[in-house]
Amino acid sequence: MLDRPGPWFALLLVGCAAFVWLTSASLPLVVASHFGASGAANGSMPRDLYVRFMLAIVIGAPVLLVAVTYFAMGRSDARINLPNRDYWLAPERREQTIAYLRAQLTRFSAVLIVFLCYVHWLVVRANQVQPAQLSNRAMVAGLAAFLIFVLIWTRLLVRHFSNRGGGG
């Protein structure tokens, strides 16, 4: 079991950062970066600022999520709310429980990275036409896929801790 972010997570971060950097080269000097409900651009920013912003979001948000939860859960006074909390955080199971939670949060962060890169890719594609137009269908499909993942991930996490024997 993965109990901490490992080389696979670092590799994903580097790969996604490279993806954002390389695909941003095709963007215009002023990037349509905000889109209304119709998909029409209604906000823009300089390309350099957009690239820095996207790199900060694509890398920063998942790393912050993993780092904060990794260190916060390791504290002996960590306030962790789980089903059957007393069972799962008993001294004989606490280390395994924390390792499981960390692994699941790292997996969640990995999917978040991929979703954010997908959104960036949609912005790159939107800027390839004039006037810039974001594909609502692709955005809704990506968002729906991410939300379905979140629901399944949450359900599996709750189910794991709802059973005193784990698994499920």
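Residue positions within a chain follow its written sequence, with the count starting from 1. Thresholds applied to this predicted model are a pLDDT of at least 70 for local features of residues and 80 or more for the giving and counting of side-chain atom pairs; totals over whole chains, interfaces and linings are not thresholded and use all residues. Each side-chain value is derived from all of the structure's non-hydrogen atoms; neither hydrogens nor water enter the calculation.

S.K.: Please clarify how the overall build of the protein chain should be interpreted in this entry.
M.R.: Helix and strand content of the protein chain: five helices and two strands. Counting from the amino terminus, the protein chain carries its helices and strands in the arrangement α-β-β-α-α-α-α. Our radius of gyration looks at C-alpha atoms and nothing else; its globule reference is 2.2 Å times the residue count to the power 0.38. Its C-alpha atoms give the protein chain a radius of gyration of 19 Å, more than 25% over the compact-globule value 15 Å for 168 residues. Once the C-alpha set of the protein chain is aligned to its principal axes, its extents read approximately 60 × 25 × 25 Å. For the protein chain, buried positions account for 37% of its 168 residues. Contact between two residues is taken to exist if any of their heavy atoms lie within 4.5 Å; hydrogens are not considered. Counting only contacts in the protein chain whose residues sit at least 6 apart along the sequence, the fraction spanning at least 24 positions is 67%. Surface exposure here means Shrake-Rupley accessible area, sampled with a 1.4 Å probe, where a residue is shielded only by the protein chains that are shown. Just so you have it, the protein chain exposes about 9,900 Å², and 66% of that area is on carbon and sulfur atoms. Positive residues here are Lys and Arg, negative ones are Asp and Glu, while His and the chain termini are left out of the count. All charge positions are set by atom: Lys at NZ, Arg at CZ, Asp at CG, Glu at CD. Between the averaged position of the 15 positive side-chain charges in the protein chain and that of its 6 negative side-chain charges there is a distance of 10 Å. Under the scheme used here, helices are H or I runs from DSSP no shorter than 4 residues and strands are E runs no shorter than 2 residues, and both carry numbers assigned from the N terminus. Only protein chains enter the accessibility calculation, which uses a 1.4 Å probe; a residue is then buried when its area is under 20% of its type maximum, exposed when over 50%, and partly exposed in between.

S.K.: What's the story with the pattern of salt bridges in this structure? I'm lost.
M.R.: A side chain of one charge can pair with a side chain of the opposite charge if their charged atoms are brought near each other. The term salt bridge refers to a pairing of a side-chain nitrogen on Lys or Arg with a carboxyl oxygen on Asp or Glu at a separation within 4 Å. This model, assessed by the stated rule, comprises one salt bridge. Among the salt bridges present, the one from E92 reaches R93, with a minimum N-O distance of 3.3 Å. Residue class for E92 comes out exposed when judged on its relative accessible area of 57%.

S.K.: Whenever I open this one, the pairing of strand β2 (residues 41–46) confuses me. Can you help?
M.R.: A regular strand places its side chains on the two faces of the sheet in alternate fashion. In this analysis, strands are considered paired if DSSP registers two or more bridges between them. Pairing between strand β1 (residues 30–35) and β2: five bridges, direction antiparallel. Bridging across to β2, F35 finds its partner in A41. Between the antiparallel neighbours β1 and β2 lie five residues, among them G39 with a positive phi of about 95°.

S.K.: Whenever I open this one, the packing of helix α4 (residues 91–126) against helix α5 (residues 136–162) confuses me. Can you help?
M.R.: Each pair of packed helices gets described by two things: the angle between the helix axes and the distance between those axes. Note on geometry: axes are lines fitted to C-alpha atoms, helical ones only across the stretch in contact, with angles between N-to-C directions running from 0 to 180 degrees. It is at 10 Å that the axes of α4 and α5 come closest, and there the two elements cross at 175°. Taken together, α4 and α5 sit at an angle that is classed as roughly antiparallel. All residues other than Ala, Val, Leu, Ile, Met, Phe, Trp, Tyr, Cys, Pro, Asp, Glu, Lys and Arg, Gly among them, are scored as polar; the first ten of these are nonpolar and the last four charged. Across the contact of α4 with α5, the residue classes tally to 19 nonpolar, four polar and one charged. Any angle from 65 to 115 degrees is called roughly perpendicular, while one under 35 is roughly parallel, one over 145 is roughly antiparallel, and all others are oblique.

S.K.: Quick question: what am I supposed to make of helix α2 (residues 47–74) here?
M.R.: One full turn of an α-helix is made of 3.6 residues, so residues set three or four places apart face in the same direction. Here, expected helix span is obtained from the residue count minus one, scaled by 1.5 Å. Between its first and last C-alpha, α2 extends 40 Å over 28 residues, near the 40 Å set by a 1.5 Å rise per residue. Along α2, the helix axis deviates most sharply at G60, where the bend reaches about 30°; the proline P62 sits within four residues downstream. Listed as buried for α2 are Y50, V51, M54, L55, V58, P62, V66, T69 and M73. The term bend refers to the angle at a residue between two fitted axes, each drawn through seven residues, those ending there and those starting there.

S.K.: Sorry if this is basic, but what is going on with the packing of aromatic side chains here?
M.R.: Aromatic ring pairs: the centre-centre distance and the angle between the two ring planes describe each pair. In summary, the pairing rule links any two rings of Phe, Tyr or Trp, Trp by its six-membered ring, whose centres are within 6.5 Å, and it sorts them by plane angle into stacked for under 30 degrees, edge-to-face for over 60 and tilted for everything else. For the coordinates displayed, the defined rule picks out ten aromatic pairs. Judged by centre distance (4.7 Å) and plane angle (15°), the ring pair of F115 and F146 falls under stacked. Separated by 31 residues along the polypeptide, F115 in helix α4 and F146 in helix α5 bring together distant segments of the chain. For the pair F115 and F146, a shared accessibility class is recorded, and that class is buried. Pairwise contacts between aromatic rings join F108, F115, F146, F149 and W153 into one cluster. We call a charge positioned above a ring when the Lys NZ or Arg CZ atom is no farther than 6 Å from the ring centre and deviates by at most 35 degrees from the ring normal. The ring of Y87 carries the charged tip of R93 above its face, separated from the ring centre by 3.6 Å. The aromatic ring of Y70 is capped on one face by R102, whose charged end is 4.0 Å from the ring centroid.

S.K.: Which parts of the structure should I look at to understand a nonpolar patch on the surface?
M.R.: Patches were defined on residues exceeding 30% relative accessible area and lacking a salt bridge, with like-charge contacts within 9 Å and nonpolar side-chain contacts (Val, Leu, Ile, Met, Phe, Trp, Tyr) within 5 Å. Residues I148, I152 and L156 make up a contiguous nonpolar surface patch of roughly 270 Å² in combined accessible area. Within the secondary structure, I148 sits in helix α5.

S.K.: Can you walk me through the environment of P62 in this structure?
M.R.: Residue placement: P62 occurs in helix α2. Separated by 34 residues in the primary sequence, P62 and Q96 place their C-alpha atoms 23 Å from one another. With near-sequence residues (within four places) excluded, P62 lies in contact with F9, I57, S109, L112 and I113.

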